[in-house]
Amino acid sequence: MRVTESSIASSFLYNINETNERITQEQTELATGKAVNKVSDNPQATGTILQLKSLISNNTQYQQNTTEAQSQAQATESALSSFTNIMISLKGILAQATNGTLSSEDQQTYADQVDQLLGQGVDLANTQSNGVYIFGGTNTLQQPFTLAADDSSVTANPNGITGSIQVPVNEGINQTVNIDGQQAFQGTAIFNLMIQVRDALQSGQSPTTAQATSVDTYIDDVANATGKAGAIMQNLTANSTMLSNQQTQLQQLLSVQQDSDVAAVTLKMNQDQLDLQAALSSGASVLPATLLNFLGKT
Amino acid sequence: MAGLNDVMNSARSALIAQQLALEVTSNNVANANTQGYSRQRVDFEESPSVPTNYGLLGTGVTADNIGGLRDSMIDQQFWGASDSNGMATTQETILSQVEAAVNEPSDNGLSETMNSFFSAFQSLSAQPDQSAARNNVVQQGQLLAQSFHSIQSSIAQSQSNIVSDVQSQLANINQLTSDISNLDVKIANATSQGMQASDLVDQRDLKIDTLSGLVKVNVSDEGDGSVMVSVGGALVASKSGAVALTSNITGSQIQIFAGSSTQPTQITSGELGGDLQCYNTTIPGYLSSLNATANALITQVNTLHAAGYGIDTPPTTGVDFFTGTSASDINVNSAVVNDPNEIAASSDGTAGDNQVALALANLQNQPVMNGGTQTIPQYYASFVSSVGSAIDAAQNTSSNQQLVINQLQTQRSSVSGVSIDEEMTNLTMFQNAYQAASEVVNVVDELMQTLITMVQ
């Protein structure tokens, strides 16, 4: 085939340009650390990358939800164990007060103690965590229990103190994170019992054995609720570990799709640079050579 | 009977012929880098012999015909190949703008904004009673709307840029066809006078080269050196004149008409074809995918949201979260922006209930697009992938076609290109021949002198 200067020149330019294009692409990969910088770099991988990123974003949100749920569950658990202590104190008072041989002064003292326990109990039942009432069911912004000004009665929020709050903590898993007022305190039953005991003591009567039995039952109920709160905590902790494992896995998968293999790219780039140098140096020696260099010089 | 004068004459014909050859060589060298130039050469022919007593005697050399060397088959192949390259290059350029508008995969593309939007609802479902979570939902919703607006307007902008591009291409094409037609007239004239108008053919072929990148051309030889060029079935240039192409935007389609024809010319390739394809089909497709994404998001979010309750007193219900119907007019409902407590996270009006927020967060996993087969993020991701694939395909076509064109260029150059080495060789050859012929004249001159002295 007949070869002309212009075809040598254009093929030289084409090759140099091709090599430069590759080097630019490799340089971008190295500079960003990513093999996929534009959709067209790898359209298929982009689909996967977007999906993984969405999973990672969800996972991050689940972790955040879990942390928040943990703090609420912790508040619930600690409020309930404090409440258990109140119930145990109440039981102690009842045990002594049912003895029968109490002076009216002693009875008054016990009545005052029960009254205090009642106040503490209602306060605990109105515990707020992060600005919301944790025992209010889904009516989290309204105080669930109200102690009348004269301490004569406890009323529950008429809009309800029930309802479970479910928080998404993993793909398809909604964890119930609250124990509502009904479950925790049997509505106002426990407080009503306290009021009955106090009023009886104040009027000089000893508490009945039925009342003492009720207290035992209620202690069991509160213990059950505390156990539930503990289970929620355990679930959340386990979930948190699972989420961070998943996060690691997802990040790895994303990295496989998205990140550039620095070693391989560097190697390729070295190769291409070598090619470029070879092309340039051979071009420099071939391009200027024509018959003219030799004609008339002898 | 041959005499000294005959020797002189044949030497003279040699001098003239070699000089002409030197001139052509010089012209070749001068045009070594002229685009479209086909190297020329002089055909030497032996002058008619004359009968003598001893047989036929040659009378020297005649320079017959100065002609350009070209291979019309390669030309045809070249014209057939450059349109797909032109189309792919144009598509690559336009689609790259769409790609830049979409800006994926990145941390601030629409996908990521959409993830954040759904995360905001998840966060709200964990804390439906917290105003921070509510404000975040509003903010992410606004970011998402902005993201839609900016992508939509960037893509629409690239689409409207095409219109002016088409205009300038048509101007270019019309100039080329009119030039081609003018050149053809001259070429046909020269041919009728028995001359090869190599330079005119070079110029015309160069114009056809350019034209063939802009639009797919069909070139047929008319037998007198001139050609008929047609585009999409319409004759646009011949020695009888050029037909101008005009464009018209009907509906959302750019149509091309040849001359006064009322039937649009089908242009499916070349740079112009690439522009038309992008304007008429590809970009509207992308915009409709984008709008479908926005629309699905608006209607799905609103349906769930309107059924829920806010936490204001009394709890409002029936409020839409988004207003608008497409990517260009999606916005967060101003009622919600003004009072984030109207965001309906609750299914029953209690502040701690989060069923609606959960459903909204879960919307990202619901296959509501494409006949219930794709989720909204998946649908959008496949739209993004399709943009990438289209660019990828255009790049591949463009680089493959570039190789083909390079190959054809090399072949063409191998036939028509000027080789300096070759010209220098010819130069030396003609120089030697010229010097030899001069020497013949010298010798004859001396002989003449001898003869004259002899007579004295």
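Everything discussed here concerns the structure shown above.
Residues numbered from 1 in each chain as written. Chains lettered and ligands numbered in written order. Predicted model: local features only at pLDDT ≥ 70, side-chain atom pairs only at ≥ 80, totals over all residues. Heavy atoms only, no water.

Next up on the list: the overall build of chain B. Looking only at helices and strands, chain B features 10 helices and 12 strands. Relative to the compact-globule value of 23 Å for 456 residues, chain B shows a C-alpha radius of gyration of 38 Å, a clear excess of over 25%. For the C-alpha atoms alone, the extent of chain B along its principal axes is close to 140 × 45 × 30 Å. Looking at the 456 residues of chain B, the share that counts as buried comes to 48%. For chain B, restricting intrachain contacts to residue pairs at least 6 apart in sequence, the fraction spanning at least 24 positions comes to 69%. Accessible surface computed for chain B: about 19900 Å², of which carbon and sulfur atoms make up 50%. One finds the centroid of the 11 positive side-chain charges in chain B at a distance of 13 Å from the centroid of its 41 negative side-chain charges. (Helix = DSSP H or I, 4+ residues; strand = E, 2+ residues; numbered from the N terminus. Rg over C-alpha atoms; globule rule 2.2 N^0.38 Å. Buried < 20%, exposed > 50% of the residue type's maximum accessible area, 1.4 Å probe, protein only. Contact = heavy atoms within 4.5 Å. Areas by Shrake-Rupley, 256 points an atom, 1.4 Å probe, with all protein chains shown as cover. Lys, Arg positive; Asp, Glu negative; His and termini not counted. Charge placed at Lys NZ, Arg CZ, Asp CG, Glu CD.)

A few words now on the overall build of chain A. Looking only at helices and strands, chain A features seven helices and six strands. Counting from the amino terminus, helix and strand elements in chain A follow one another as α-α-α-β-β-β-β-β-β-α-α-α-α. Considered along the principal axes of its C-alpha atoms, chain A spans approximately 140 × 30 × 25 Å. Residues classed as buried in chain A amount to 41% of the 298 residues present. At a minimum sequence separation of 6, the contacts of chain A that also span at least 24 residues come to 74%. One way to put it: in chain A the 10 positive side-chain charges average out to a point 24 Å from where the 25 negative ones average out.

Our next topic: the pattern of salt bridges. All chains considered together, the criterion is met by 20 salt bridges over all chains. With a closest N to O distance of 3.4 Å, K91(A) and D216(A) form a salt bridge. Pair noted here: K91(A) is in helix α2 (residues 43-97) and D216(A) is in helix α6 (residues 209-258), with a separation of 125 residues, a long-range link. Looking at K91(A), the relative accessible area reads 39%, which means it is partly exposed. Judged by its relative accessible area of 32%, D216(A) falls in the partly exposed class. Where R204(B) meets D184(B), a salt bridge forms, and the shortest distance between an N and an O atom there is 2.8 Å. Highlighted residues: R204(B) in helix α5 (residues 198-214) and D184(B) in helix α4 (residues 131-192), separated in sequence by 20 residues. Given a relative accessible area of 4%, R204(B) falls into the buried group. (Salt bridge = Lys/Arg side-chain N within 4 Å of Asp/Glu carboxyl O.)

So, on to the pairing of strand β5 (residues 166-170) of chain A. All names here are of chain A. Burial analysis of β5 places four of its five residues in the buried class, the great majority of the element. Alignment of β5 against strand β6 (residues 173-176), held across four bridges, turns out to be antiparallel. In the strand pairing of β6, Q166 is matched with T176. (Pairing = 2+ DSSP bridges.)

To continue, consider the sheet that holds strand β6 (residues 227-231) of chain B. Two modes of strand pairing occur in sheets, parallel and antiparallel, and in both the strands are linked by backbone hydrogen bonds. Residue and element names in this part refer to chain B. Read across the sheet, four strands follow the order β5-β6-β7-β8 without closing on themselves; strand pairing throughout is antiparallel. On the outer flanks of this sheet lie β5 (217-221) and β8 (241-242), each paired with one strand and no other. In the sheet, β5 pairs with β6 via five bridges, with the strands oriented antiparallel. Within the sheet, the bridge partner assigned to V217 lies in β6 and is V231. Its contacts with the sheet put α5 on β5 and β6, and the angle it makes with β6 is roughly 10°. (Axes fitted to C-alpha atoms, helices over the stretch in contact; angles between N-to-C directions.)

The interface is formed by 44 residues belonging to chain A together with 56 residues belonging to chain B. For the pair chain A and chain B, the summed buried area comes to about 4100 Å², and 50% of that belongs to carbon and sulfur atoms. In this assembly, chain A and chain B are joined by two salt bridges. For the salt bridge of E422(B) with R2(A), the shortest nitrogen-to-oxygen distance reads 2.7 Å. On the surface where chain A and chain B come into contact, there are 23 residue pairs in polar contact (both at pLDDT 80 or more). When residues of the side of chain A that touches chain B are traced back to their parent elements, those giving at least two are α1 (5-32), α2 and β5 of chain A. (Buried area = accessible area lost by both parts, 1.4 Å probe. Polar contact = N/O pair within 3.5 Å; in protein donor to acceptor, adjacent residues only side chain to side chain.)

Before going further, it helps to spend a moment on the nonpolar core. The biggest cluster of nonpolar side chains holds 87 residues, and the ones touching the most others in it are F121(B), F148(B), V229(B), F321(B), F322(B) and Y380(B). For this core, the element with the most residues is α4(B), which contributes 14 residues. Discounting chain neighbours no more than four positions away, the residues touching F121(B) are V137(B), F321(B), I343(B), A357(B), L360(B) and A361(B). One finds I93(A), V114(A), I165(A) and V169(A) within the second-largest nonpolar core, a separate group that totals 49 residues. (Core = buried A, V, L, I, M, F, W, Y, C linked by side-chain atoms within 4.5 Å.)

So, on to the packing of α2(A) against helix α9 (residues 376-416) of chain B. Taken N-terminus to C-terminus, the directions of α2(A) and α9(B) make an angle of 160°; their axes are 8 Å apart at the nearest point. One element, α2(A), and the other, α9(B), form an angle in the roughly antiparallel class. Relative to α9(B), α2(A) is oriented so that their crossing is right-handed. Here P43(A), T46(A), G47(A), L50(A) and Q51(A) of α2(A) come into contact with α9(B), specifically with Q378(B), A381(B), V384(B), S385(B), G388(B), S389(B) and D392(B). Of the residues belonging to the contact of α2(A) with α9(B), the class tally is four nonpolar, seven polar and one charged. (Parallel < 35°, antiparallel > 145°, perpendicular 65-115°, else oblique. Left-handed = near helix turned anticlockwise from the far one by under 90°. Nonpolar A, V, L, I, M, F, W, Y, C, P; charged D, E, K, R; others polar.)

What follows deals with the environment of R22(A). Residues and elements named next belong to chain A. Relative to the elements of secondary structure, R22 occurs in helix α1. In this structure R22 comes out as partly exposed when scored by relative accessible area, which is 36%. Sequence separation between R22 and D272 is 250 residues; the distance between their C-alpha atoms is 7.5 Å. The residues contacting R22, other than those within four sequence positions of it, are D272 and D275.

Before going further, it helps to examine the packing of helix α2 (residues 72-102) of chain B against α9(B). Residue and element names in this part refer to chain B. Look at α2 against α9: their axes get within 7 Å of each other, and the N-to-C directions meet at 150°. Considering the angle they form, α2 stands roughly antiparallel to α9. Here the hand of the crossing between α2 and α9 comes out left-handed. Residue composition of the contact of α2 with α9, grouped by class: 19 nonpolar, 14 polar and four charged.

Residue and element names in this part refer to chain B. Using the criterion set out here, one finds 15 aromatic pairs over all chains in the structure. For the pair F117 and F321, a centre-to-centre distance of 5.9 Å together with 50° between the ring planes defines the contact as tilted. Of this pair, F117 sits in helix α3 (residues 110-126) while F321 sits in the loop between α6 (270-307) and β11 (322-323), and the two are 204 residues apart along the sequence. We classify F321 as buried; its relative accessible area is 0%. (Phe/Tyr/Trp six-rings, centres within 6.5 Å; stacked < 30°, edge-to-face > 60°.)

Here S54(A) shows up in helix α2. Setting aside chain neighbours within four positions, we find S54(A) in contact with N115(B) and Q364(B).

Residues and elements named next belong to chain A. In a regular helix each residue adds 1.5 Å, so 25 residues correspond to 36 Å; helix α7 (residues 262-286) covers 35 Å between its end C-alpha atoms and thus fits that length. For α7, the full list of buried residues reads V265, M269, D272, L276 and G283. Buried residues in α7 make contact with α1. (Expected span 1.5 Å × (residues − 1).)

This part takes up unusual backbone geometry. Residues and elements named next belong to chain B. Cis peptide bonds are those with omega within 30 degrees of zero, and the linkage from E104 to P105 qualifies with -15°. Examined against the element boundaries, P105 turns out to sit in the loop between α2 and α3. T313 connects to P314 through a cis peptide bond whose omega is -10°. Considering the arrangement of structural elements, one finds P314 in the loop between α6 and β11.

These results come straight from atomic positions and should not be treated as a statement about function.
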